[in-house]
Amino acid sequence: MKLHFEKPTPRQVKRFLVYWLIVIVGNCVASAGSAYFIVPHGFVMGGTTGVGIFVRNLLGAENPGTEWAVTATVYIANIILFIVGAIFLGKRFAAATLAGTLLYPSFMAMHTQLNNLYVQSTGHIIAQNDPLLAAFFGALLFGVGIGIVVRVGASTGGTDIPPLILNKLFGVPIVVTMWALDITIVLIQLVADVTLETVLYGILITLIAALLVDVVSPVGLKRTQVKIISRKYREIRLMILN
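Description of the side chain of Thr 112
Within the fold, Thr 112 resides in helix 4 (residues 91-122). Among the polar contacts made by the side chain of Thr 112, one reaches the main-chain carbonyl oxygen of Met 108 at a distance of 2.7 Å. Those residues within four positions of Thr 112 in sequence are excluded, and the remaining contacts are Ala 35, Glu 67, Trp 68 and Thr 71.

Overview of the packing of aromatic side chains
Scanning the model with the defined rule gives six aromatic pairs in all. Judged by centre distance (5.0 Å) and plane angle (35°), the rings of Phe 43 and Tyr 201 are tilted. Here Phe 43, found in the loop between helix 1 (10-38) and helix 2 (47-59), pairs with Tyr 201, found in helix 8 (residues 196-216); they are 158 residues apart in sequence, far enough to count as distant. Among the residues examined, Phe 43 registers a relative accessible area of 4% and is labelled buried. According to the relative accessible area criterion, Tyr 201 is buried, its value standing at 16%. Centroid distance Tyr 104 to Phe 142: 6.3 Å. Interplanar angle 85°. Geometry classified as edge-to-face. Here Tyr 104, found in helix 4, pairs with Phe 142, found in helix 5 (residues 131-151); they are 38 residues apart in sequence, far enough to count as distant. Taken as a pair, Tyr 104 and Phe 142 share a single burial class, namely buried.

Here is what the cut-offs are and how they apply
- Residues numbered from 1 in each chain as written.
- Predicted model: local features only at pLDDT ≥ 70, side-chain atom pairs only at ≥ 80, totals over all residues.
- Heavy atoms only, no water.
- Helix = DSSP H or I, 4+ residues; strand = E, 2+ residues; numbered from the N terminus.
- Polar contact = N/O pair within 3.5 Å; in protein donor to acceptor, adjacent residues only side chain to side chain.
- Contact = heavy atoms within 4.5 Å.
- Phe/Tyr/Trp six-rings, centres within 6.5 Å; stacked < 30°, edge-to-face > 60°.
- Buried < 20%, exposed > 50% of the residue type's maximum accessible area, 1.4 Å probe, protein only.

Printed below as a string of structure tokens:
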């Protein structure tokens, strides 16, 4: 039996390329906020990055080379959550989430290396004497990056997955679970001897990032409904779909 595959149209190819370009850029921008501002300043945050920061703090953030603990933990946590999500949410979810699961930690590893080169050449981290500025720009880049990814209907994986599972199984609102999970990850940092001031910065970063995701993700979304009444509705439907 021969399988017949239709050749994609130039418009479909363009939409495919634009989609993946946006997903790549979004993950690159989001990971830059973590690698250049949040992790070097010892801030905390939610998500799998927050879990990675927690592991780094347990190992001793002052020890050289421990910044790689963040990237490694994000890789491991993302992959585990991806497998769990694929089991509970199906193959379609897995296909849509795999890119974000791998792209974010990969870009974070790249940005971490670039940041190390910057520190070696200048002798200081970015915004070293202004932690508030660093917290703001870290949250800005992270929130805008995630918002860009969400804007095209993609997922960054990670801690987005448990809320989706709870929503599917028990009908728990996704936003409520995401907020609760992120704030819990921030507050648990106190176990790793993180100061209360650092945790407060983490809450601030989480709030700013969440606000920016809500602002950026709907940008440019417009919907127009048109009702077409015709006896040739089948032909019109095929023309629109193709």
